[in-house]
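Fold and contact review
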Amino acid sequence: MATDIKDAVRSVEASAVMELLPRRPSLLALGEPTHGEDALLDLRNELFRLLVEQEGYRTIAVESDCMRGLVVDDYVTAGTSTLDDVMAHGFSHGWGASAANRELVRWMRAFNEGRTGSDRLRFAGVDGPLEITGAASPRQALTALHRCLSALVDQHLLPCSPEALDQLLGADDRWTDPAAMTDPARSVGQSADAARLRLIADDLVALLDEQTPHLIATTSRDDWDRARLYGRTATGLLRYHHWMADASPARMARLLGVRDAMMAANLLALAERGPALVHAHNGHLQRPKSSMRMWQGPVEWWSAGALVSARLGKEYAFLATALGTITHRGVDAPPPDTVEGLLYALPRDRCLVDVPQLAGVVADMRPAHRESPWFGYAPLDPDHLAMCDGLVFVRDVSLS
């Protein structure tokens, strides 16, 4: 057992990560405690390159719209469109403007030149088509699924015509009204049209499952996987809109739970073709229950990581990331009695921490919970440390 914290740290390298784990996981999750910092994305990019070159990883999945992610995947695998267009249309949350994300996409496309099949790198968004202010219309996913099936199966098997589907969907702006996030009465999620669409989506997904042998034989496994993504997204969005229209005390817990369940379903699908590196907020990837204080009070739900870990066991591994400072956000040096403070005292800009060894070092002390002066940064919860497979520490995050 380590008696000095220096014994618990090593360089952030693929081989060092694998030494912490019982086996190479299908899903290796790297969390971040804040969004929008290219220093953290640069670290993600470096680790992904090492995992590709040394451990055979071929997929990276990020916390971005899964439908938009298809645009990025088409570019890195087949050169479809241009890099500028992909960065403009392939990411949600404004993350296409990130220089680190642009470099990731550029490098993946360059790596794939001359490569085919399973040797190519793949990109995936794992979030639903959701923003803080609301959710997308289910039109894109639902019509794409209907189109896939109508081209390949007997028309009599379809639950409705394209025209009927279009009429039920109506104008997209009635689904995307930002006011619906705080006013359930503004949502159409529990209207008669929405209820009918949920039944149609369920029937289309069931038909897709029933026709799996024919669909794979007629098209390809990749096309079938994409159709499954359309189905997951359509049913998930309709479920999300349903709870946006709900006025009960369960509303926000259900919305957050539905979002992470959508992420988990996307991750489980990626695990089928793994191994993959997953990058998202610590709160989405951790094993303990997630919590947040909203305008109506505290809310708890199970994260995507908790859901996936329960299903995959040791095929899922989670590395949390902790930070020392983000001075441009007012986050200064951590108190010395916190986990971040102990690591901040080391002469390392960044390091990988063996969690069991760290636990041995701090066995005689109870690390304090760090408080953040900035709402956008979530400090490490020391009570969650034992449920991490490793910890990545970045000493200082500064503006590029």
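Up top is the structure these notes are about.
None of the values given here were measured: they were computed from a predicted structure.

Parameters at a glance
- Residues numbered from 1 in each chain as written.
- Predicted model: local features only at pLDDT ≥ 70, side-chain atom pairs only at ≥ 80, totals over all residues.
- Heavy atoms only, no water.
- Patch = residues over 30% accessible without salt bridge, like charges linked within 9 Å, V, L, I, M, F, W, Y side chains within 5 Å.
- Areas by Shrake-Rupley, 256 points an atom, 1.4 Å probe, with all protein chains shown as cover.
- Salt bridge = Lys/Arg side-chain N within 4 Å of Asp/Glu carboxyl O.
- Lys, Arg positive; Asp, Glu negative; His and termini not counted.
- Charge placed at Lys NZ, Arg CZ, Asp CG, Glu CD.
- Helix = DSSP H or I, 4+ residues; strand = E, 2+ residues; numbered from the N terminus.
- Axes fitted to C-alpha atoms, helices over the stretch in contact; angles between N-to-C directions.
- Parallel < 35°, antiparallel > 145°, perpendicular 65-115°, else oblique.
- Left-handed = near helix turned anticlockwise from the far one by under 90°.
- Contact = heavy atoms within 4.5 Å.
- Nonpolar A, V, L, I, M, F, W, Y, C, P; charged D, E, K, R; others polar.
- Buried < 20%, exposed > 50% of the residue type's maximum accessible area, 1.4 Å probe, protein only.
- Pairing = 2+ DSSP bridges.
- Phe/Tyr/Trp six-rings, centres within 6.5 Å; stacked < 30°, edge-to-face > 60°.
- Lys NZ or Arg CZ within 6 Å of the ring centre and 35° of its normal.

**As for a negative patch on the surface**
Taken together, the side chains of Asp 202, Asp 203, Asp 209 and Glu 210 make up a negatively charged region of the molecular surface. Positionally, Glu 210 belongs in helix 8 (residues 192–210).

**Considerations on the packing of helix 6 (residues 139–150) against helix 10 (residues 221–244)**
Contact pair helix 6 / helix 10: the axes reach a minimum separation of 8 Å and the direction vectors enclose 140°. Classified by the angle their axes make, helix 6 and helix 10 are oblique. Here helix 6 runs over helix 10; the crossing is left-handed. Listed contacts from helix 10 to Ala 141, Leu 142, Ala 144, Leu 145 and Cys 148 of helix 6 are Ala 227, Tyr 230, Gly 231, Thr 233 and Ala 234. Counted by class, the contact of helix 6 with helix 10 contains eight nonpolar, two polar and no charged residues.

**Quick notes on unusual backbone geometry**
Residue Pro 275 follows Gly 274 across a cis peptide bond; omega there is 5°. With respect to the helices, strands and loops of the structure, Pro 275 is situated in the loop between helix 11 (251–271) and strand 7 (276–281). Unlike most non-glycine residues, Ser 81 shows phi in positive territory, near 70°. Mapped onto the secondary structure, Ser 81 falls in the loop between helix 3 (66–78) and helix 4 (83–89). Here Ser 81 falls in the partly exposed class, since its relative accessible area comes to 41%. In this structure, His 93 is a non-glycine residue whose phi angle is positive, near 60°. Structurally, His 93 can be placed in the loop between helix 4 and helix 5 (99–112).

**Considering the pattern of salt bridges**
Under the counting rule described, the total for this entry stands at 26 salt bridges. Put simply, Arg 259 and Glu 63 hold a salt bridge, and the shortest N to O gap is 3.3 Å. Taken together, the residues span a long stretch of sequence, with Arg 259 in helix 11 and Glu 63 in strand 3 (residues 59–65) at a distance of 196 residues. On the basis of relative accessible area, Glu 63 is assigned to the buried category, the value being 5%. Notably, a salt bridge pairs Arg 139 with Asp 166, separated by 2.7 Å at the nearest N-O pair. Here Asp 166 lies in helix 7 (residues 162–169) and Arg 139 lies in helix 6, a separation of 27 residues in the sequence.

**Let's talk about the sheet that holds strand 10 (residues 316–325)**
With respect to topology, eight strands assemble into an open sheet ordered 1-11-12-10-2-7-3-4, the strand pairing being mixed. Edge positions in the open sheet fall to strand 1 (9–10) and strand 4 (122–127), since each of these has one partner strand only. In this sheet, strand 4 lies alongside strand 3 in parallel orientation, the contact comprising five bridges. Note that in strand 4 the partner of Val 62 across the bridge is Gly 125. Taken strand by strand, helix 11 contacts strand 2 (27–32), strand 3, strand 4 and strand 7, and its axis lies near 155° from that of strand 4. With respect to the sheet, helix 13 (residues 304–312) is in contact with strand 2 and strand 10, its orientation differing from that of strand 10 by roughly 150°.

**Some points on the side chain of Asp 260**
Among the secondary structure elements, Asp 260 is positioned in helix 11. Arg 259 is the oppositely charged side chain nearest to the buried, salt-bridge-free Asp 260, at an N-O distance of 5.6 Å. The residues touching Asp 260, leaving out its near neighbours within four places in the chain, are His 284, Trp 301, Trp 302, Ser 303, Ala 304 and Leu 307.

**Concerning the pairing of strand 2**
Of all six residues that make up strand 2, six are buried, and the element is covered over most of its length. Of the two faces of strand 2, the one carrying Leu 27, Ala 29 and Gly 31 and the one carrying Leu 28, Leu 30 and Glu 32 are both buried. Direction of pairing for strand 2 relative to strand 10: parallel, over a ladder of four bridges. Pairing of Leu 27 across the sheet is with Tyr 316, part of strand 10.

**Details of the packing of aromatic side chains**
Using the criterion set out here, one finds four aromatic pairs in the structure. Seen in terms of ring centroids, Phe 91 and Phe 123 are 5.6 Å apart; in terms of plane orientation they differ by 70°. Their pairing is edge-to-face. Pair noted here: Phe 91 is in the loop between helix 4 and helix 5 and Phe 123 is in strand 4, with a separation of 32 residues, a long-range link. Members of the aromatic cluster, connected to one another through ring pairs, are Phe 48, Trp 107 and Phe 111. Here Arg 49 stacks its cationic end above the ring of Trp 107, 5.5 Å away from the centre of that ring. We note Arg 395 situated over the ring of Tyr 344; from NZ or CZ to the ring centre the distance is 3.8 Å.

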